[in-house]
Amino acid sequence: MATIEQAQKKNVKALAGKYLTFDLGKEEYCIGILKVREIIGLLEITAVPHTPRYIKGVINLRGSVIPVLDLRTKFDMEAKEYTERTCIIVVEVQGESGAVLVGMIVDSVSEVLNISETEIEPPPTFGGDAVETDNFLGMAKVKGRVKILLDTDKVIGETGLGRQAAA
Amino acid sequence: MVGAERSVNELLDDMAVKIMMIEPGDLSAVGELLEVLERLTGHEEVASRALLLQMASVYQEALQALIMAELPDTAESYQQLAECISRMQEVRRNPEDQRAVAAFCSHLQSIGCGIDPARLSGGGQRQGRQEDKDEPEFLRDKELLECFIDETGEYLGAIEAQVLELEKAPGNSEAINAIFRAFHTIKGTAGSVSLPEISSLAHAIENLLDEVRSDRISMDAEVIELVLAVDDCLKLMVAHVQDVYENGVAYQPAAIDGQLALISGVLGKKCGAGRPAPAEAAAAAQDAAGEQPPPSAPAGGPVPDFLKDSDLLSGFISEAFEHLESIELNVLELEQNPNDPEIINNIFRPFHTIKGVSGFLNLMTINRLAHATENLLDDVRNDRLTMNSGIIDIVLGVGDFLRTMIQNLSDVLDKGPQYYQQYDINDFLVRIRACQAGGEAGEAGEPVQPLAAVPPAREAEAAGPAADPPVAAPPANGGKTVEAAMAAAGPAQKKNIEAAIKVDINKLDGLVNAVGELVIMQAMVRHNPLIAGLSDPKLNKDFSQLTRITTELQKTAMSMRMVPIRQTFQKMTRLVRDLSKKTGKLVNLVMEGEETEIDRNMVDSIYDPLVHMIRNSVDHGVQTPSERRKRGKPEAGTVRLSAYQKGGNIIIEIADDGEGVNTEKIREKALQRGLIQPGSSYAEHEINNLIFLPGFSTADKITDVSGRGVGMDVVKKGVEKLRGKVELQSTPGEGSLFLMHLPLTLAIIDGIVVRVGSERYIIPTIAIRESMRPKMDNYNTVQGRGETLLVRDTLLPIIRLYKLFGVADAGMDISQGIVVVVENEGRQRALLVDELLGKQEVVIKSLGGYMKDIKGVAGGTILGDGRVGLILDLAGLISASEEMGPGGLNPSNAIEQ
């Protein structure tokens, strides 16, 4: 166990950098700024049948068709009406065939933060499979608040989806 | 590919590159050069520029003289010839550049090509004035002459100053360069005003200075003396010219032989002995290289240094693939006409190019293999060896092996040097050497007989001009005469080369996407309620103009993605050859409509289906020669591969004149497998098309070519993936015909937009049979759930699209909706939708790997209002509806999976 934690500590070093923070309910999440392509307001979404519930459908992002998922549904959190603060963060994730763009619906976007390595801790382990800690790179304590560092490749990358579909 | 004609500049560049790669003794390369030149002279732009045309034709004569061995075939000659191309480029840039013209002349003169500078002195229109011989030529253009006298005086003065400078500081390379440039300019301008003596003297001293410049001889007192002497001599000559011009004194050409002798004396003394004659050295090197690896070959060093310039390498890779393809084609053609020297030459040239470039990139394995093969071919060319099937096999084998090696390089380029593999080519080298030795000993394999009893018309045409070379060559010259004839015959045959540029496919896709967006945006703007409400005739006119332009732009962008099907077809030539050898049948492959264009993205996808259909035709269709004879058919069977456009489709036909499909046998097998019911009646073509079912085979034995019943299934799947269809027509005893219908492009689909609740879907028009508002009289249910509709005496299962796709707000009442009858793989279904919104051509966008393989959805598109609409995939839709049972899914669990 000790070695695993050491390894995690090591990984944490590489995590320092700039993050975009956004809210889901009362929780604050961060994603690496380099993963973020753009933030757009809510557009009309075309539903795609036979997809997992959290996939809301596809949108027209300046001529390309990209999938959009609802992060609340994805994390099995209580659904909430979309408001004018609701937005879509378009992120680039690694797919089988290179990078693809995916939109994530979040409650609201707050700020861009510089998180140093001393502020980052490896993700805690929870009992059972209530929370998939695989989805997180770590936790950051910034000015007394806890932010969750999201691993977008895992959460919404194709591998993440594949895992969901298999389950 | 863009089919624009190549510009003069590109042609000249091409020539410059070609001539740099020529080695002495390599006359085929000169032939290639002539080909390019031919295109240059035929070029519109050149035709309108008399001077350039003249230069090109003089150049052509020089090259021809070279081939006829009237000019020395040495490295020096090629260097001068290369210089000439640079001069032509200068003239192209500046038609008034008389210096370049003069330099051009003097380059040619320096290798002993006797040309009359007057031909170039001022363009073709001046030729009429050549009659008045009394006046010295340089007096024709007074303005030019004045200029020359002025400038040259200045230059000569400057030279003197620089030489004196140099005497003080002998190592001053700046000064040497300045002197060199001055003489060079004098040489050029003197040539342009037709003062050959001045020009040659300047040229000679320029050569001497070049040696100094490149440190081959030192700038000692003797050289300085000589330069000053020449300078003085030139001054006198220019003064005399001025005298002639101003005072009408009779022109006396100065005797420059003395000076020239002095210069060449100094040159000879200082560096003559040390330099081997370049021609001999190069020739020796070429001979030696065939026997052993060149000394510069790396001993298999682990770090491939060819990776240093990845641009160059990737260029080499793509070119090499093209070359290898052309080699393969030509070899196959050669098999039909083993004695056609032009074809051998066509094989020789790409090998030569691969050799040259690979050597340049330090890819020594490829270089050696290509070189050895080139030598082998050279022996064939020069009649030291007779073309036999052994050689053809070797050349094909080498081609395949080179392809493997180059494929590896391409992998290395993509993935990193750790993928680099060393290949062992010794086997080939041994075989090649054995073949060469065998040929010399007169033990060649059986000479190749033309395989085909009836050569296809295309080949017969190609053989025509080569059999009757237009240039009568003196018989004494042996190998060279053949080449000269071929070099001259070559250009005439190569009419179908299209000029094109290579564009990164990603850029092209980017363009196509951007244009697609433009079209959509334009529609959105136009249909904006604010604008649509305006009724300004000017605005309407402008809008229709804008629509016209965007449509045109879209068409062009789309057409840029189209490539001729030729390459795909040509790959089949090899397949047919190998198959016919394996099966012992004689098969001719006839290709038609190779220039039909298909979407580039489709090229790869139609390859597999084609292979399977050709295999099927050769293996099952065409009979063995003895059987064919029995039936009174020619021994050699014919497989005809043709492509053409029909309506919005590309049709590819594969026809053979074999025995046709045995319908009875298929019926039997189908009954055995329970695919059809005994006693029921099926049309013949329905039975025949059963062969497309997976695992269906009528073959009694499974050969290693076919018979497992996989092939036709692959064909059908492959074609349907491209949204096309395939069918089989057969006449027993006469042959069978496969018809592939493919869409023109993968990017656009013709569809009907339908509304289901608040969602809109696009149904591909190709699948739609009809649509109607259903009459409830025709509506039936089975067990209260399985819904059917009677349409024209056929009971069609109804698919409620909203149920299948989980659309909540759609109309449930069949009598209020619209039924669209669709067909896929012979199955018809009635799709229930709310409304038909219209017919539209839509650009297909992939939903991304993220959402691939969604049953019933082929992709998305952006509709006129900017929203995404889904394109239906009927095969998936029908199978999904079957899986879900007659009740379908209710909206909530449809989304949940």
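All values derive from a computational prediction rather than experimental measurement. (Residues numbered from 1 in each chain as written. Chains lettered and ligands numbered in written order. Predicted model: local features only at pLDDT ≥ 70, side-chain atom pairs only at ≥ 80, totals over all residues.)

Draft legend 1. Geometry of the overall build of chain A. Helix and strand counts for chain A come out as four helices and 11 strands. For chain A, the proportion of its 167 residues judged to be buried stands at 35%. (Helix = DSSP H or I, 4+ residues; strand = E, 2+ residues; numbered from the N terminus. Buried ≥ 20, exposed ≤ 12 C-beta atoms within 10 Å, placed from the backbone.)

Draft legend 2. Unusual backbone geometry, seen in detail. The backbone phi angle of K143 of chain A is positive, close to 45°, even though this residue is not glycine. With respect to the helices and strands, the residue K143 of chain A is situated in the loop between strand 10 (136-142) and strand 11 (145-150). According to the C-beta neighbour criterion, K143 of chain A is exposed, with 7 such atoms within 10 Å. Phi is positive for D793 of chain B, close to 65°, though the residue is something other than glycine. With respect to the helices and strands, D793 of chain B occurs in the loop between strand 12 (786-791) and strand 13 (794-800). With 5 C-beta atoms counted inside 10 Å, the residue D793 of chain B sits in the exposed group.

Draft legend 3. Summary view of the sheet that holds strand 9 (residues 120-121) of chain A. All names here are of chain A. Taking strand neighbours across the sheet as the criterion, the six strands line up as 8-1-2-11-10-9 in an open arrangement whose pairing is mixed. Looking along the sheet, the strands with just one partner apiece sit at the ends: strand 8 (108-115) and strand 9. Across seven bridges, strand 1 (residues 17-24) lies against strand 8 in antiparallel orientation. When the sheet's bridge partners are listed, T21 is paired in strand 8 with E111. (Pairing = 2+ DSSP bridges.)

Draft legend 4. The arrangement of the packing of helix 15 (residues 364-381) of chain B against helix 16 (residues 389-415) of chain B in detail. Residue and element names in this part refer to chain B. Axis separation between helix 15 and helix 16 bottoms out at 11 Å; the angle between their running directions is 160°. Judged on the interaxial angle alone, helix 16 and helix 15 are roughly antiparallel. Like other packed secondary-structure pairs, helix 15 and helix 16 cross with a definite hand, here left-handed. On helix 16, the residues that touch T365, I366, L369, A370, T373, L376 and V380 of helix 15 are I391, V395, V398, F401, L402 and M405. (Axes fitted to C-alpha atoms, helices over the stretch in contact; angles between N-to-C directions. Parallel < 35°, antiparallel > 145°, perpendicular 65-115°, else oblique. Left-handed = near helix turned anticlockwise from the far one by under 90°. Contact = placed C-beta atoms within 7 Å.)

Draft legend 5. The environment of Q436 of chain B, seen in detail. Residues and elements named next belong to chain B. With respect to the helices, strands and loops of the structure, Q436 is situated in helix 17 (residues 426-440). Taking the number of C-beta atoms within 10 Å as the measure of exposure, Q436 has 20 and is therefore buried. The spatial distance from the C-alpha of Q436 to the C-alpha of R384 is 8.6 Å, given a sequence separation of 52 residues. Residues within four places of Q436 in sequence aside, it is in contact with L376, D379 and L385.

Draft legend 6. Just the pairing of strand 10 of chain A, in detail. All names here are of chain A. Looking at chain direction, strand 9 and strand 10 are connected through two bridges and run antiparallel. Across the sheet, the residue bridging to I120 is A140, located in strand 10. As paired elements, strand 10 and strand 11 share six bridges and run antiparallel to each other. Bridging from a neighbouring strand, M139 pairs with I148 of strand 11. Connecting strand 10 to the antiparallel partner strand 11 that follows it, the hairpin turn spans two residues, and K143 within it adopts a positive phi of roughly 45°.

Draft legend 7. Quick look at the environment of E835 of chain B. All names here are of chain B. Among the secondary structure elements, E835 is positioned in strand 16 (residues 835-843). The class for E835 is partly exposed, based on 14 C-beta atoms found within 10 Å. Along the sequence, E835 and Q816 sit 19 residues apart, while their C-alpha atoms lie 9.3 Å from each other. Residue contacts for E835: discarding those within four places in its chain leaves V754, R755 and I818.

Draft legend 8. Representation of the packing of helix 2 (residues 27-41) of chain B against helix 4 (residues 50-67) of chain B within the structure. All names here are of chain B. Across the interface, helix 2 lies against helix 4 with an axial gap of 10 Å and an inter-helix angle of 160°. By the angle between their axes, helix 2 is roughly antiparallel relative to helix 4. As for the relative orientation of helix 2 and helix 4, their crossing is left-handed in sense. Mapping the contact onto sequence places L27, V30, L33, L34, L37, L40 and T41 in helix 2 and L53, A56, S57, Y59, Q60, L63, L66 and I67 in helix 4. Grouping the amino acids of the contact of helix 2 with helix 4 by side-chain chemistry returns 12 nonpolar, three polar and no charged. (Nonpolar A, V, L, I, M, F, W, Y, C, P; charged D, E, K, R; others polar.)

Draft legend 9. Molecular detail of the nonpolar core. By size, the foremost hydrophobic cluster in this structure holds 83 residues, and its most contacted members are M104 of chain A together with I763, L801, L831 and L872 of chain B. If you look at the next biggest cluster of nonpolar residues, it comprises 78 residues, including L12, V36, L145 and I186 of chain B. (Core = buried A, V, L, I, M, F, W, Y, C linked by C-beta atoms within 7 Å.)

Draft legend 10. Just the confidence of the model for chain B, in detail. All names here are of chain B. Residues of chain B with pLDDT of at least 70 account for 81%, and the chain-wide mean is 75. For the stretch residues 122-133, pLDDT sits under 50, and the model shows 11 contacts to residues farther than four places along the chain or on other chains. Counted against residues more than four places away or in other chains, residues 440-497, with its pLDDT under 50, gives 98 contacts. Of the two predicted TM-score estimates for the complex, the pTM is 0.46 and the ipTM is 0.81. (pLDDT = per-residue confidence, 0-100.)

Draft legend 11. Representation of the sheet that holds strand 12 of chain B in the model. Residues and elements named next belong to chain B. Spatial ordering of the open sheet is given by 10-14-15-13-12-11, a layout of six strands whose pairing is mixed. The open sheet is flanked by strand 10 (768-772) and strand 11 (779-782), the only strands paired with a single partner. Here the strands of the sheet are splayed against their neighbours by 35° on average, with no regard to which way each runs. Summarising the sheet, strand 14 (residues 818-824) and strand 15 (residues 827-833) pair through seven bridges and their orientation is antiparallel. The residue bridging I818 from the neighbouring strand is V833, located in strand 15. Together, strand 13, strand 14 and strand 15 form the strand contacts of helix 30 (residues 874-884), whose direction differs from that of strand 14 by roughly 105°.

Draft legend 12. Up close: helix 10 (residues 221-247) of chain B. The end-to-end C-alpha distance of helix 10 of chain B is 38 Å, a good match for the 39 Å that 27 residues give at a rise of 1.5 Å each. Where helix 10 of chain B terminates, the next one or two residues include G248 of chain B, which has phi positive at roughly 70°. (Expected span 1.5 Å × (residues − 1).)

Draft legend 13. Region of the structure containing helix 16 of chain B. When the terminal C-alpha atoms of helix 16 of chain B are compared, their 38 Å separation across 27 residues agrees well with the 39 Å that a helix rising 1.5 Å per residue should span. Immediately beyond the C-terminal end of helix 16 of chain B, within one or two residues, lies G416 of chain B, with a positive phi of roughly 125°.

Draft legend 14. Examining the confidence of the model for chain A more closely. Residues and elements named next belong to chain A. For chain A, the mean per-residue pLDDT works out to 80, and 80% of the residues sit at or above 70. Mean pLDDT in chain A bottoms out at helix 4 (residues 158-166), which sits at 44, and peaks at strand 3 (residues 36-41), which reaches 91. Here residues 162-167 scores under 50 on pLDDT; set against residues more than four positions off or in separate chains, the count is two contacts.

Draft legend 15. Molecular detail of the pairing of strand 12 of chain B. Residue and element names in this part refer to chain B. In this structure, strand 11 lies alongside strand 12, joined through four bridges in antiparallel fashion. Counted as the bridge partner of V782 is G786 from strand 12. In this structure, strand 12 lies alongside strand 13, joined through four bridges in antiparallel fashion. From the neighbouring strand, L790 faces strand 13, where its bridge partner is L795. Once strand 12 ends, the chain turns through two residues before running back antiparallel as strand 13, passing R792 with a positive phi of about 45°.

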